[in-house]
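Reading the structure
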Amino acid sequence: MSTAASFAPLVAATGKAVNLSMQRLWLTGQVLPAGARLVVQHLFQSEEDKTIEVIYSFPLPRDAALRRFRITGEGFEAHSELKETEAAVKAYEEGMSRGSLSTLARQYGDGLVNLTVGNIRPKETVTVHLEVLCGVELRDDGFRFRFPFTLAPAYHSRAKTAVTAPAEGEMELPADEFGDMILPRFREDASVLHQVGFELSIVSQLGLDEIGSPSHAVRVRQDGGRSARVALADEKDVPNRDLVLDTRFKSVEPQVLAGRSKDGSGRFAAIVPSSSFGVATEAPRRVVILLDRSGSMQGEPISQARKAIEACLGVLSETDSFGLVAFDNEVLRFQPVLVSGTREFRDKAHEFLKQVDARGGTELARGFLEAVKLLEGRGGDILILTDGQVSGTGKILADARSAGVRLHCLGIGSASQDRFLALLARETGGVSRFVTPRERVDLSAVDLFASVGRPVASGLKAGASIQPEPPSFVYSGTPVILFGEAGETGESQIELSWHGGRLNLPVKSSESDIGETVWLLQGSRLITDWESRYPSSEALAPLEKRKQSRVASRLLALSQTYRLASREMSLVAVVTRPGDRPGELPETRVVPVGMAQDTVFGAYFLNQTFTGGISAMCPPAASLVTSVMAERAFAMDSFSSASTADSSASTAEPEGAPSAGLFQKLFSRPKAPGKRHQQVPRAVEVSAGKARSSQTAEDILLDLASRMDSDGGMPGKNRESRASATVIALLAFLSQGHTDTRGAFRSHVGRLVSFLKSLTSLPSHQQQIVDAVIELAYRGTAPAGEWITLAHTPGNHWYEVERSVLNA
Amino acid sequence: MSHSKTLAELSEESRIPARTIRFYIARGLLDGPVKAGRGAVYTAEHLARLEKIKDLQAEGRMLAEIAHDLNGGPSVQTAVPPSPWWQHVIQDDVIVWVRGDVSPWRMKQIRAAVDDMASRLREPESSNARRNRK
């Protein structure tokens, strides 16, 4: 037995060795606030006695494009060529027929890629080093980098699914939209699949404050304050979730990354925080919240989403109007028209939300078209809470663009649809966030909602050298990123203007190779934008017809300019070696992937083995179950959730990871029964003797937020008790770091302060306390005190406030 | 062998990419070439089989299902369309069958009843008797 074989993984159920065609996927590279330049190593090691062809499928991260690959093995090294897709496929097939080692990286719709390596010889090891450019999710005070280590199944009304082996499912997407793309098999247990890991460097112009990961245990080594190395803390991990890395800067200010690209031109990427544009207006909001209640949202995501919506509604005043729509493959409306944000309608919304359970498919387009109808063509915003697990996104994006409303997306998922949701928001003038189900979905929703409907700037314009064009709207908390050319000297000014404001940023070129990187990032962003405008019917049309397509021509030109792959151009390499055997037919292997962590296998694949061994699904006539998703596969509801195996059980918890401080506070979430979770410190625990002992401070703040009245105050029997409750609630928010300009509850804090300011003719000592608390709110601090506990304890608390506040 | 074709020719005639044809062969949907190695060739039977696969796909069949049928498994295309059923093996001597495509709400209800039944059958007889007396 060879060494490799002796360490081969085994299938737990049968004890048989797993014959993997891809053993390892390792991510390296550099992550900047403007995006990442990555190299993904795919190690293919054949233990077979015959020649094989291996197909690995993966989704692109947000704003991503493939640049090139290098293929290495014993005695050879070759580099890819970028060719028009038809020519690349032809070159690949010619190489295959000659018996040569051939590799093709080809992109399909929805940002899916097939990496195919053919004619790997028996017992041979081949490594493909694939260079990928991708974007990051920016926030004023940092950024989130997300890389997909697996491919999640996604809803399509014409997709078909089957269970082909125990806990293994297969999905087929319609060929008229996805061509000859081959999807992998989805395994419920990812522990017997290939290893994944990463070692990345993070570089920023601003000092780095914190780096953490809500998805993996990481080791962080800071190098001098502005750069760091981040690596997987364990030796290896399993491919069942995205890598998510959060980086927070020490300060919030504009950054300009500039340098020369290889052609000698000055290139830059500027990141301008929203705070540079001013503050949000107090204009009345017209907003529809759109809740995805598809089967894949079942469990904690839907429950958190419901709570989040109630907390979001808590910030509305009577001058705001709102609507609520829940969708799966059916659409359910709260009211046929927008209603005022009064207590009465919010209470009714609460009753409506109680009926919303996860079920059915993800007909996102139908959901938002219903939401658009509610806005009656008079403008407004839609906030979507979804896992985004949907295929055929080109059509949805086209519908969204033509709808003429701003879409803001909160994505929830372990495996990414970040690319799609980022596009959906950006193409309609909104913003998007993507969280993992193990974070606080509710807090992220509240944070996003704080900026919805109230941009801090609009009508943004920049110089002609900026591409793509700057966004039409800027929202609090989300910076603007601009890519451009700095001219031959490499030094220039970025001139930004918007309605009511103007800003000049100097560009100073550095000696590093950052110019080349930002140039490539600009290309990958432009290609992603144009890809999203490519109708499926056009993308799969014959070459001659496609040449007439505006999108195809633009994509081809962009690919040629930036030397990046797209659906029009693919990467190919053929290695001719002695001993090649022309005409020999290799055996094709498709690399299976792990089901995304927290996604119920039964939500997509009907077959389910229940814990306790009491049942197994099989039809009387055959061992195979197939289904069309729209009809059946999503009809499982929470029925199968009891059997969800936590496939990450073999992975280490990230206790050893550095504290992510505020990130963890903001994005932590309570532990769900039966699941292993990252150990997130609870900011404040209510005393154990009380019934609500399991609630965190954030839970209590969410509860306070959802109970606020439409005038911004807390409810109470009379004016004085309302004033007392509002003062305590405000101190509770302040004590947890939320002010009227900072934190997820910033809108709520603003409303509480407004209410307190509107109070007159309180008894003088109470008025004195109220004034002192308003002053504290402006300073963004709270004196020491059990404010969270008091906020959740009935009764007036003037005495406790007086003692702490007036003595502070 | 006048009607023999190379893989490229088979691909062109069937309008199915060569990679997909290799994938079908690996999945057992299609036989391998009639001759291995340098002179590997395909015949009209291969082309006919590919056409058959396309037809079945157009009818909404999945590859897994097609492979199952073409390789001699019981045909799914029977007079009565198949429907999925859940088999709950509650005890060695008790099996409950439940239709798999009922509504989620109904399924929840049935599942609760089956769980209850399983739990009662697992309990010692004496506790069942006590429960019946209450």
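Residues numbered from 1 in each chain as written. Chains lettered and ligands numbered in written order. Predicted model: local features only at pLDDT ≥ 70, side-chain atom pairs only at ≥ 80, totals over all residues. Heavy atoms only, no water.

**Brief notes about the environment of Gln 107 of chain A**
Residues and elements named next belong to chain A. Mapped onto the elements, Gln 107 comes out in strand E7 (residues 101–107). Counting along the chain gives 74 residues from Gln 107 to Met 181, while the straight-line C-alpha distance between them is 8.7 Å. Those residues within four positions of Gln 107 in sequence are excluded, and the remaining contacts are Leu 60, Leu 112, Val 113, Arg 419, Glu 531, Ala 565, Ser 566 and Arg 567. A polar contact is formed between the side chain of Gln 107 and the side chain of Glu 531, at a distance of 3.5 Å. (Helix = DSSP H or I, 4+ residues; strand = E, 2+ residues; numbered from the N terminus. Contact = heavy atoms within 4.5 Å. Polar contact = N/O pair within 3.5 Å; in protein donor to acceptor, adjacent residues only side chain to side chain.)

**Description of the pairing of strand E21 (residues 266–272) of chain A**
Residue and element names in this part refer to chain A. In terms of burial, E21 is a largely internal element, seven of the seven residues being buried. Residues of E21 alternate between two faces, with Gly 266, Phe 268, Ala 270 and Val 272 on one and Arg 267, Ala 269 and Ile 271 on the opposite face, all of them buried. The turn linking strand E20 (residues 255–260) back onto E21 is made up of five residues, and Gly 264 within it adopts a positive phi angle of 90°. The pairing of E21 with strand E31 (residues 480–487) spans seven bridges and is classified as antiparallel. Each bridged residue has a counterpart across the sheet, and for Phe 268 the counterpart in E31 is Gly 484. (Buried < 20%, exposed > 50% of the residue type's maximum accessible area, 1.4 Å probe, protein only. Pairing = 2+ DSSP bridges.)

**Quick notes on the packing of helix H8 (residues 418–428) of chain A against helix H10 (residues 514–531) of chain A**
Residue and element names in this part refer to chain A. H10 packs onto H8 with a crossing angle of 80° between their chain directions and a minimal axis gap of 11 Å. It follows that H8 is roughly perpendicular to H10 by the angle criterion. Along the contact surface, H8 presents Arg 419, Leu 423, Arg 426 and Glu 427, while H10 presents Arg 525, Thr 528, Asp 529 and Glu 531. (Axes fitted to C-alpha atoms, helices over the stretch in contact; angles between N-to-C directions. Parallel < 35°, antiparallel > 145°, perpendicular 65-115°, else oblique.)

**Details of the sheet that holds E21 of chain A**
Residue and element names in this part refer to chain A. Overall, antiparallel pairing links the three strands, which are arranged E20-E21-E31 in an open sheet. For this open sheet the edge positions go to E20 and E31, each flanked by a neighbour on one side alone. For this sheet the average axis-to-axis angle between neighbouring strands, irrespective of direction, equals 15°.

**Description of the pairing of E20 of chain A**
The two faces of a sheet get side chains in turn, since along a regular strand they alternate between them. All names here are of chain A. Burial runs high along E20: five of the six residues are buried. Sheet analysis places E20 next to E21, joined by six bridges and oriented antiparallel. Of the residues in E21, the one forming a bridge with Val 256 is Ala 270.

**Looking at the environment of Ala 365 of chain A**
Residue and element names in this part refer to chain A. Along the chain, Ala 365 falls in helix H6 (residues 364–375). Classification of Ala 365 by relative accessible area gives buried; the value is 13%. Linking Ala 365 and Ala 398, residues 33 residues apart in sequence, is a C-alpha distance of 9.7 Å. Sequence-distant contacts of Ala 365, that is, excluding residues within four places in its chain, are made with Ile 396 and Asp 399.

**Some thoughts on helix H19 (residues 746–758) of chain A**
For H19 of chain A, spanning 13 residues, the distance from its first C-alpha to its last is 19 Å, which sits close to the expected 18 Å at 1.5 Å a residue. Of the surrounding elements, those touching the buried residues of H19 of chain A are helix H4 (300–313), helix H9 (441–449), helix H17 (697–707), helix H18 (719–735) and helix H20 (764–779) of chain A. (Expected span 1.5 Å × (residues − 1).)

**Notes on the sheet that holds strand E2 (residues 35–45) of chain A**
All names here are of chain A. Taken together, the eight strands give an open sheet; going across it, the order is E5-E4-E9-E2-E1-E15-E18-E17, and neighbouring strands pair in mixed fashion. Strands at the two margins of the open sheet, each flanked by one partner only, are strand E5 (76–79) and strand E17 (218–223). The mean inter-strand angle of the sheet, taken between neighbouring strand axes irrespective of direction, is 15°.

**Side note on the packing of aromatic side chains**
Residues and elements named next belong to chain A. If you walk through the whole model with that rule in mind, you get eleven aromatic pairs over all chains. Between Tyr 56 and Phe 58, the aromatic rings sit 5.7 Å apart at their centres with planes inclined by 25°, giving stacked as the arrangement. A relative accessible area of 2% places Tyr 56 in the buried class. Sitting above the plane of the Trp 26 ring, Arg 24 keeps its charged end 4.0 Å from the centroid. Its guanidinium or amino end placed over the ring of Phe 473, Arg 406 lies 4.4 Å from that ring's centre, counting from NZ or CZ. (Phe/Tyr/Trp six-rings, centres within 6.5 Å; stacked < 30°, edge-to-face > 60°. Lys NZ or Arg CZ within 6 Å of the ring centre and 35° of its normal.)

**A few points about the side chain of Gln 417 of chain A**
Residue and element names in this part refer to chain A. By the secondary structure assignment, Gln 417 is in the loop between strand E27 (406–412) and H8. You can call Gln 417 buried: its relative accessible area is 14%. Aside from chain neighbours lying at most four places away, what touches Gln 417 is Ala 154, Asp 387, Gly 388, Gln 389, Val 390 and Phe 434.

**What about the pattern of salt bridges?**
Residue and element names in this part refer to chain A. What the rule picks out here adds up to 66 salt bridges over all chains. The salt bridge involving Arg 68 is made with Glu 131; its shortest N-O contact spans 2.8 Å. Here Glu 131 lies in strand E9 (residues 125–134) and Arg 68 lies in strand E4 (residues 65–73), a separation of 63 residues in the sequence. Overlapping salt bridges bring together Arg 37, Arg 67, Arg 68, Glu 131 and Glu 516 as one network. (Salt bridge = Lys/Arg side-chain N within 4 Å of Asp/Glu carboxyl O.)

Keep in mind these numbers describe shape, not what the thing actually does.
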